[in-house]
Every structure is written in structure tokens, then in C-alpha cells.
Amino acid sequence: TLGLSKKAMTAKTHRTHKEVDPGTQSLIDRIADDSSLKAPPMPKRPNLKSGTTKSKLQALSRYIHAFEYNHTGKSYFKMSRDRGLKHVHFTAREIIREALPIQCVEAVFLAVHLTAELECLDLRVPLSFKS
């Protein structure tokens with residue numbers, strides 16, 4: 001099964017995904033029709049209402065780590081680092097909703113989104129990086 005979850009292989013059904021070639025589509029159809037495959041568990045978002053800053057950040061780190069790593073080399077999400085913070089939050093919400101495997105920059109988008117509500121983090125420094 002190429003090491004990908006059933007949900008990851010059927011990702012093309014989401015509105016942001018591009019169509020795939022017929023060979024890949026055949027694999028996706030076989031996986032989608034296989035009733036013995038279980039959907040991967042959805043990562044559970046941590047409760048951040050109480051605890052120290054350190055414990056909250058550790059919980060968020062574990063949550064982000066619960067998303068599998070995307071080894072395909074192709075992103076399942078539209079990634080545009082130059083479109084502003086609103087796009088980062090939109091993409092992060094989409095990543096959470098879809099629970100597909102992620103790459104490094106998608107983990108950064110999740111971290112920015114998830115830590116935005118933490119009042120104990122009052123300093124944000126914009127960075128740029130290349131993977």
C-alpha cells in the first residue's frame with residue numbers, strides 16, 4: 001500500500017487537491033474499496049485551558065507529532081507562505097480537519113495557528129526559511 005494511510009491515498013477528493021494520473025487513481029480506488037482497511041485515528045486536540053506554558057507547548061508538540069509525516073514529497077494542502085497570516089490559519093484549520101500526513105512547513109503552520117490563542121506567548125517574530 002505504498003506506506004500511506006487510506007485517507008492519505010484518497011486525498012484527491014478534497015477541493016484543494018489536483019487530479020492524479022490513471023495509475024495512481026487505480027491504486028486509490030483499490031484502497032478506497034478495501035473494507036479491511038481502517039481509517040487512521042484523528043489526532044486529539046489538547047485542552048489548553050489550564051497548565052503551565054511549558055506543559056501547554058509540550059501538549060501542542062505531541063498533537064502536531066500525532067500527524068503522520070508525509071513521505072510522498074507532495075503536499076496535500078495549498079501552501080503559500082507569502083499570502084499572510086490569514087492563509088496560514090486557514091490552511092492549519094484544513095490540516096486539522098483532514099488529518100492527513102504533513103510535511104515540515106505544514107507543521108509550522110499548525111504551530112502558528114495553535115499557539116495564537118496562548119496569551120502566555122506575547123512575542124511573535126516573523127521568520128523565513130527554506131527546507
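Let me sum up the structure you'll find in this document. Just so we're clear, the structure is a prediction, and the values are computed from it rather than from any experiment.

Summed over the entire model, instances satisfying the criterion amount to 1 salt bridge. Note that Arg 45 is salt-bridged to Glu 117, the shortest N-O span being 3.3 Å. You can see Arg 45 sitting in the loop between helix 2 (22-33) and helix 3 (53-65) and its partner Glu 117 sitting in the segment after helix 5 (104-115), a full 72 residues away along the chain.

In this section: unusual backbone geometry. One non-glycine residue, Ala 99, lies in positive phi territory at about 55°. For Ala 99, a relative accessible area of 13% corresponds to the buried category.

Our next topic: helix 3. Look at helix 3: 18 Å from first C-alpha to last across 13 residues, which is about the 18 Å you get at 1.5 Å a residue. For helix 3, every residue scored as buried is listed here: Lys 56, Ala 59, Leu 60, Tyr 63 and Ile 64. Buried residues of helix 3, seen end-on, are gathered within an arc of 135° and therefore sit on one face of the element. Facing away from the buried side of helix 3 by over 90 degrees, the exposed positions are Lys 54, Arg 62 and His 65. In this structure, the buried side of helix 3 is in contact with helix 4 (85-98) and helix 5.

Counting 16 residues, the largest nonpolar core has Phe 67, Phe 77, Ile 95, Ile 96, Ile 102, Leu 110 and Leu 114 as the members making the most contacts within it. Elements supplying a minimum of two residues to this core: helix 3, helix 4 and helix 5.

With respect to the element layout, Thr 91 can be found in helix 4. What Thr 91 contacts, discounting residues up to four positions off in sequence, is Phe 77, Lys 78, Met 79 and Phe 109.

The rules behind each value
Residues numbered from 1 in each chain as written. Predicted model: local features only at pLDDT ≥ 70, side-chain atom pairs only at ≥ 80, totals over all residues. Heavy atoms only, no water. Salt bridge = Lys/Arg side-chain N within 4 Å of Asp/Glu carboxyl O. Helix = DSSP H or I, 4+ residues; strand = E, 2+ residues; numbered from the N terminus. Buried < 20%, exposed > 50% of the residue type's maximum accessible area, 1.4 Å probe, protein only. Expected span 1.5 Å × (residues − 1). Arc of directions from axis to C-beta. Contact = heavy atoms within 4.5 Å. Core = buried A, V, L, I, M, F, W, Y, C linked by side-chain atoms within 4.5 Å.

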